[in-house]
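# Tertiary structure, described
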Amino acid sequence: MADRDDRTLLLSRLSLRQLQILSTVAEHGSILHATRSMNMTQPAVSRAVMEIERIVGQPMFVRSPRGVSPTPAGAVFVSHARAALSSMRVAAQEIDDLQRGHAGRLTIGTLPNGAGGPLPQALIEARRERPGLMVTVVEGLYQQMAASLRSGDLDFVIGRLRPADGGDGLTTQPLYRQRWGVFARAKHPARRTRAAALADLLDTPWILPAASAPVRPMIESVFYRRGLPLPRDRMEISALGIARTLLLDCDAVMFLPEGTFRREEETGALAELSLGIDEVVEEVGLFWREGAQRRALELYFTRLLETTCGKMGLAPSDMPVRHIST
């Protein structure tokens, strides 16, 4: 291992490209997959990793037939490499905004049920207060969003918080609590008969999220706790736009968080059925990369989300800010 002076000199020779390669190899757990992602040759990526290991004086990865995994020293170095890369992206973006005269730019990720709360109204308010603000909103599943956060492609993500989230160095900030219910169109037969229990709707067409959706186990547990099977007449759809059209145009029912289709609920086009289901409550909040430098614009938008939650009457969360590291 190089002594301290030699190591300081060697570390100064690291390039951002090398840090990017190291981060990508750690992300994919495979040098081969990293080469495809970065459009590089495998020997070039392998040389870059070995050069970093020579400079640092520690192995960065443990090699196995299944791929690579970071050593303890590698995990520390990857974390700091990602922080450095993220800081450079932020600097480049802010310089670009200054040159173009923009009020700033945000790239926000949303989980499938994160878009039904304060986000749309907060976006409207932000555009009113800062007309030059440029915002990109990307929707995806948790693992996709977490990977984009770690790579610095997203500033933060809004969505449901789950105790078993398998993140890597992510921090969460709770925003509000949302309750789920069973929703149907205004002229649904169940609204005329005033169905009093979930069991009364087993023969009704249902819309459920796909079996692979993270929220599916929570919905299934509502049936199982009552000793009920899942409805046989069901469509499995995770695309909320399609689900909305089906709810409005046919007699299907669906578990949804309150406010998912706020305009339809306010006009009465969709309404919650009175089934006495009140135990399905979840926390919604923000995810961002642990240790990331949060820009003033991100803090501004976070405060705007909190203010919007209050205006919308969304129950505040009592969960503490927590770190996800598994």
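Summarised in this report is the structure supplied together with it. Because the structure is a prediction, the values reported are computed rather than measured. Position numbers for residues start from 1 in each chain and track the written sequence from start to end. Given that this is a predicted model, residues contribute local features only at a pLDDT of at least 70 and side-chain atom pairs are listed and counted only at 80 or more, while totals for whole chains, interfaces and linings are drawn from all residues. Only hydrogens and water are removed before side-chain values are computed, so all heavy atoms of the structure are retained for them.

### Observations concerning the overall build of the protein
Helix and strand definitions follow DSSP, with helices as H or I runs of at least four residues and strands as E runs of at least two, each counted in order from the N terminus. Looking only at helices and strands, one finds twelve helices and 13 strands in the protein. Contact between two residues is taken to exist if any of their heavy atoms lie within 4.5 Å; hydrogens are not considered. Within the protein, contacts between residues at least 6 apart in sequence are counted, and of these 76% link residues at least 24 apart. Summed over its atoms, the accessible surface of the protein is roughly 16,600 Å², and 53% of this surface lies on carbon and sulfur atoms. Using a 1.4 Å probe, the Shrake-Rupley method yields the accessible areas, and only the shown protein chains count as cover for residues.

### Considering the pattern of salt bridges
Here, a salt bridge means any side-chain nitrogen of Lys or Arg that lies within 4 Å of a carboxyl oxygen of Asp or Glu. Tallied over the full model, the rule gives 17 salt bridges. Arg150 serves as the salt-bridge partner of Glu27, at 3.2 Å between the closest nitrogen and oxygen. Of this pair, Glu27 sits in helix α2 (residues 16-28) while Arg150 sits in helix α7 (residues 142-151); the two residues are 123 residues apart in sequence, bridging distant segments of the chain. In this structure Arg150 comes out as buried when scored by relative accessible area, which is 12%. The salt bridge partner of Glu220 is Arg216, with a shortest N-O separation of 2.9 Å. Within this pair, Glu220 and its partner Arg216 are both found in helix α9 (residues 216-225), separated by four residues, close to a single helical turn. When accessible area is computed with a 1.4 Å probe and restricted to protein chains, residues below 20% of their type maximum are described as buried, those above 50% as exposed, and intermediate ones as partly exposed. Judged by relative accessible area, which is 3%, Arg216 ranks as buried. One network of salt bridges, in which partners are shared, links Arg216, Glu220, Arg234 and Glu236.

### Thoughts on the packing of aromatic side chains
Pairing of aromatic rings covers Phe, Tyr and the six-membered ring of Trp, with a centre-to-centre limit of 6.5 Å; geometry is then stacked below 30 degrees between planes, edge-to-face above 60, and tilted otherwise. Going through the model one piece at a time under the given rule, you end up with five aromatic pairs. Centroid distance Phe156 to Phe301: 6.1 Å. Interplanar angle 35°. Geometry classified as tilted. Of this pair, Phe156 sits in strand β5 (residues 156-161) while Phe301 sits in helix α12 (residues 296-311), and the two are 145 residues apart along the sequence. Residue Phe156 is classed as buried on the basis of its relative accessible area, which comes to 0%. Here the aromatic residues Trp206, Phe223 and Phe255 are joined through ring pairs into a cluster of three or more. Only when the NZ atom of a Lys or the CZ atom of an Arg is both within 6 Å of the ring centre and within 35 degrees of the ring normal do we say a charge sits over the ring. Cation over ring: Arg130 sits above Tyr300, and NZ or CZ is 3.8 Å from the ring centre. Arg294 extends its terminal NZ or CZ atom over the ring of Trp288, reaching a point 3.9 Å from the ring centre.

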